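# Fold and contact review
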Amino acid sequence: AQKVTQAQTEISVVEKEDVTLDCVYETRDTTYYLFWYKQPPSGELVFLIRRNSFDEQNEISGRYSWNFQKSTSSFNFTITASQVVDSAVYFCALSEDQGGSEKLVFGKGTKLTVNP
Amino acid sequence: KAGVTQTPRYLIKTRGQQVTLSCSPISGHRSVSWYQQTPGQGLQFLFEYFSETQRNKGNFPGRFSGRQFSNSRSEMNVSTLELGDSALYLCASSHPGQGPHNEQFFGPGTRLTVL
């Protein structure tokens, strides 16, 4: 069965600190896709990154970076030099290759608060 | 391009009533998925439609149903509302032509309150 665990319910940091959001997933499939979404207070989920199971390269996009490790079934997200605008709930999600379905299984989310 | 739109944005109903929520995907997107978000259960998949066919369904009772029209617009219906149906209902669309399991674009959601 598919499962995504985000053990950190809430994290609070001071601006300019680095912060890592953890994500551990479970799946029996060899082909799967991992995502991170951001949900600001406005409520709309915003896509951050998609990674397939065959691509273990880490990725950096500005202040954001992602570390995908199949050996530990983890897909962690790091924000470098955090800013107040990064305050939001962050969700990790998993999608398996099931007949083309786009179904996402989400973790419970990590609420990040960046204080000035 | 206009984003995913959902109507209404807010809805208040009483137990036992039924409700219909609407979602208009981004132009050209043929896959529409629905999710329920509650503080206790988080984000849970309801169902997905592609070319007017239900392609997948989550673990929700039969009171929850949906459909998709030929223009890809989708509606979901909840009958015999219960207090526990109070939630934010999110709709997402994606463009399968850009490969599998692509980015899904989410709408702002419909906040349903059941009294």
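Anyway, here's the lowdown on the structure attached to this text. The shown structure was predicted, so the numbers you read here are calculated from the model rather than taken from an experiment.

## Topic: the overall build of chain B
- Secondary structure summary: chain B contains zero helices and 11 strands in total.
- Put simply, chain B runs from its N terminus to its C terminus through helices and strands in the order β-β-β-β-β-β-β-β-β-β-β.
- Computed over C-alpha atoms, the radius of gyration of chain B comes to 13 Å, within 12% of the 13 Å expected from 2.2 N^0.38 for 115 residues, which places it in the range of a compact globule.
- Overall, chain B is about 40 × 25 × 25 Å in size when its C-alpha atoms are taken along their principal axes.
- Taking all 115 residues of chain B together, 50% fall into the buried category.
- Contacts spanning at least 24 positions in sequence make up 54% of the contacts within chain B whose residues lie at least 6 apart.
- Accessible surface computed for chain B: about 5,300 Å², of which carbon and sulfur atoms make up 49%.
- Charge separation in chain B, taken as the distance between the mean sites of 11 positive and 6 negative side-chain charges, equals 4 Å.

## Quick look at empty space enclosed by the protein
- Scanning all chains against the criterion turns up one cavity of 30 Å³ or more.
- Empty space within the largest cavity amounts to approximately 30 Å³.
- Lining the largest cavity are Q2, S95, E96, Q98, S101 and K103 of chain A together with N56 of chain B.
- Taken together, the residues of the lining of the largest cavity break down into no nonpolar, five polar and two charged.

## Here we look at the packing of aromatic side chains
- In this structure the tally under the stated criterion is 20 aromatic pairs over all chains.
- Seen from their ring centres, F91 of chain A and F106 of chain A are 6.0 Å apart, and the 85° between their planes marks the pair as edge-to-face. Placement of F91 of chain A in strand β10 (residues 88-96) and of F106 of chain A in strand β11 (residues 105-106) is noted, with a sequence separation of 15 residues between them. There is no split in this pair, since F91 of chain A and F106 of chain A are both buried.
- Following the ring pairs from residue to residue traces out a cluster consisting of F35, Y37, F47, F91 and F106 of chain A together with Y35, F45 and F106 of chain B.

## Section: the state of the cysteines
- Inspection of the entire model under this criterion finds two disulfides over all chains.
- Here C23 of chain A engages in a disulfide with C92 of chain A; their sulfurs sit 2.0 Å apart. Between C23 of chain A and C92 of chain A the disulfide shows an S-S torsion of about -65°. By sign, it is left-handed. Taken together, the positions of C23 of chain A in the loop between β3 (19-21) and β4 (24-26) and C92 of chain A in strand β10 put the pair 69 residues apart, joining distant regions of the chain. Assigned by exposure class, C23 of chain A and C92 of chain A land together as buried.
- The disulfide partner of C23 of chain B is C91 of chain B, and the S-S distance across this bridge is 1.7 Å.

## A closer look at the layout of surface pockets
- Within this model, the largest pocket holds a volume of roughly 600 Å³.
- For the lining of the largest pocket, the elements supplying multiple residues, two or more each, are β10 and β12 (110-115) of chain A together with β4 (31-38) of chain B.
- Among the elements that line the lining of the largest pocket, the one with the most residues is β12 of chain A, at four residues.
- Here the residues of the lining of the largest pocket sort into 10 nonpolar, 13 polar and five charged.
- Estimates place the volume of the second largest pocket at around 320 Å³.
- Lining the second largest pocket are 19 residues, and of these V105 and F106 of chain A together with L43, Q44 and F45 of chain B lie nearest its centre.

## With respect to the environment of A88 of chain A
Residues and elements named next belong to chain A.
- Position of A88 among the secondary structure elements: in strand β10.
- Looking at A88, the relative accessible area reads 6%, which means it is buried.
- Dropping the residues within four chain positions of it, A88 is found in contact with K38, Q39, P40, T110, K111 and L112.

Reading the values: the criteria
Residues numbered from 1 in each chain as written. Chains lettered and ligands numbered in written order. Predicted model: local features only at pLDDT ≥ 70, side-chain atom pairs only at ≥ 80, totals over all residues. Heavy atoms only, no water. Helix = DSSP H or I, 4+ residues; strand = E, 2+ residues; numbered from the N terminus. Rg over C-alpha atoms; globule rule 2.2 N^0.38 Å. Buried < 20%, exposed > 50% of the residue type's maximum accessible area, 1.4 Å probe, protein only. Contact = heavy atoms within 4.5 Å. Areas by Shrake-Rupley, 256 points an atom, 1.4 Å probe, with all protein chains shown as cover. Lys, Arg positive; Asp, Glu negative; His and termini not counted. Charge placed at Lys NZ, Arg CZ, Asp CG, Glu CD. 1 Å grid on protein atoms, 1.4 Å probe; cavity = no way out; pocket = protein on both sides within 12 Å on 5 of 7 lines; lining within 4 Å. Points joined across faces, edges and corners; volume = space filled by probe spheres on them. Nonpolar A, V, L, I, M, F, W, Y, C, P; charged D, E, K, R; others polar. Phe/Tyr/Trp six-rings, centres within 6.5 Å; stacked < 30°, edge-to-face > 60°. Disulfide = S-S within 2.5 Å.

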